[in-house]
Amino acid sequence: MTPSTLLRGSRVRLTALTQDDLPTVAEWHQNAEFLQLFDALPAYPKTETSLAQRFDDTDKATDAFLFAIHPLDSDTPIGYVELDGILWTHRVSGVSIAIGEAKHWGKGYGYEAMQLMLQFAFEELNLHRVQLTVFSYNQRAIALYEKLGFQREGVYREHLQRDRKRYDMYLYGLLRSEWEKGLKSQ
Ligand SMILES: CC(C)(COP(=O)(O)OP(=O)(O)OC[C@H]1O[C@@H](n2cnc3c(N)ncnc32)[C@H](O)[C@@H]1OP(=O)(O)O)[C@@H](O)C(=O)NCCC(=O)NCCS
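Residues numbered from 1 in each chain as written. Predicted model: local features only at pLDDT ≥ 70, side-chain atom pairs only at ≥ 80, totals over all residues.

Caption draft 1: Structural context of the site of the ligand. Residues in contact with the ligand amount to 22 residues; listed here are only the nearest, Leu 37, Ile 99, Gly 110, Tyr 111 and Ala 143. The set of elements that each furnish at least two residues to the shell around the ligand consists of helix 2 (32-38), strand 4 (92-99), helix 4 (109-124) and helix 5 (139-147). Element by element, the count of residues in the shell around the ligand is highest for helix 5, at six residues. When its residues are assigned to classes, the shell around the ligand shows 13 nonpolar, six polar and three charged. (Near = placed C-beta within 6 Å. Helix = DSSP H or I, 4+ residues; strand = E, 2+ residues; numbered from the N terminus. Nonpolar A, V, L, I, M, F, W, Y, C, P; charged D, E, K, R; others polar.)

Now the structure itself:
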């Protein structure tokens, strides 16, 4: 076997999320801008205890994989990326990503972390399809997913209400064949 490029890119690596990471992760979840980009649930700050419970549940689950995202030169995570709701019979999965602090956005970390996650999904887990939802006001995330080759497959029209306005939510999917084609054209 050739040396593995799994979980490690030229800028970031994916690791386990540990107990020691919880204060950093909880800090991200106090920020309303982050919460409204990431989640349709009310932007309600989360405690270390509730996050620990959620991450522990994911760790025990048989249909999810959660990784911390680290720049290569840092032991402090800048975000996390997750496969969840995997249907093993059909080899499909949801995916989500969060880079916690605005100072780390737009620097290419999300792109490389997602590339590593997709490599894990398609080459290690041998999945066939990966899908996600994104809010229409999250232009940075939409640009990221389209750059990775995700196709917009559907619109949940006026699905969200934020700041007195209604917004659509998009469904994006990426098939294994599309991902492989993207690799060849790189
Ligand atoms: C969405 C997120 C994961 C993207 O990761 P990132 O590291 O910030 O993005 P990248 O730097 O890899 O950039 C991806 C693409 O988006 C583009 N982009 C960056 N900022 C943008 C903006 N404000 N508007 C539109 N496109 C933007 C970049 O130009 C890049 O494309 P390019 O390389 O062709 O120029 C990250 O910003 C994040 O976690 N945000 C908060 C939580 C969130 O929104 N999660 C996703 C929920 S669906």
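From this point on, the discussion continues.
Caption draft 2: Examining the environment of Leu 6 more closely. Relative to the assigned elements, Leu 6 resides in the segment before strand 1 (12-15). Assessed through the 11 C-beta atoms surrounding it within 10 Å, Leu 6 is described here as exposed. With 24 residues separating them along the chain, Leu 6 and Gln 30 place their C-alpha atoms 32 Å apart. (Buried ≥ 20, exposed ≤ 12 C-beta atoms within 10 Å, placed from the backbone.)

Caption draft 3: Quick peek at the pairing of strand 2 (residues 65-71). Of all seven residues in strand 2, five are buried, a share of seventy percent or more. With four bridges connecting them, strand 1 and strand 2 associate as antiparallel partners. The residue of strand 2 that forms the bridge with Arg 13 is His 70. Two elements, strand 2 and strand 3 (residues 79-87), share five bridges in a ladder whose sense is antiparallel. Following the sheet pairing, Ala 68 is matched in strand 3 by Tyr 80. (Pairing = 2+ DSSP bridges.)

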